[in-house]
Amino acid sequence: RFDRHVEVPNPDRNGREAILRVHARRIKLDGAKDTSCGSLLLSELANESFTGGMSGADLRNVINEAALLSVRASRHNVGWDQLVEAARRVRHMNGQ
């Protein structure tokens, strides 16, 4: 039925971190051999100042954009700079 609408709020910090982890499973993050380093990157990226107010789809776009930026820079891993730039681009595309 199309006459029903369900409002789903954007995820909180813990939710954003979990969503980022799901979408980052298949990419190599800087320090990938040390899993705590990759976890720290995503944990920091989930902070309000970087991804606050983003939906799950926006967070997926951040990870995809970061991977594209890394490839364009001829990098083998996604680093902090690519993640931050990707979050900035997604925020800009959404007009936030």
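A few points on the structure. What you see is a predicted model, and the numbers here were worked out from it, not measured in a lab. (Residues numbered from 1 in each chain as written. Predicted model: local features only at pLDDT ≥ 70, side-chain atom pairs only at ≥ 80, totals over all residues. Heavy atoms only, no water.)

## Focus on the nonpolar core
Counting 19 residues, the largest nonpolar core has Leu-20, Val-62 and Leu-83 as the members making the most contacts within it. Among the secondary structure elements, those contributing two or more residues to this core are α1 (13-24), α2 (35-45), α4 (56-72) and α5 (80-93). Here this core gets six residues from one element, more than from any other, and that element is α4. Filtering out sequence-adjacent residues up to four positions away, Leu-20 remains in contact with Leu-42, Leu-45, Ala-46, Leu-59 and Ile-63. (Core = buried A, V, L, I, M, F, W, Y, C linked by side-chain atoms within 4.5 Å. Buried < 20%, exposed > 50% of the residue type's maximum accessible area, 1.4 Å probe, protein only. Helix = DSSP H or I, 4+ residues; strand = E, 2+ residues; numbered from the N terminus. Contact = heavy atoms within 4.5 Å.)

## Comments concerning the side chain of Ser-43
Tracing the chain through its elements places Ser-43 in helix α2. Residue Ser-43 is classed as buried on the basis of its relative accessible area of 19%. Not counting the four nearest positions on each side in its chain, Ser-43 is found in contact with Arg-13 and Glu-17.

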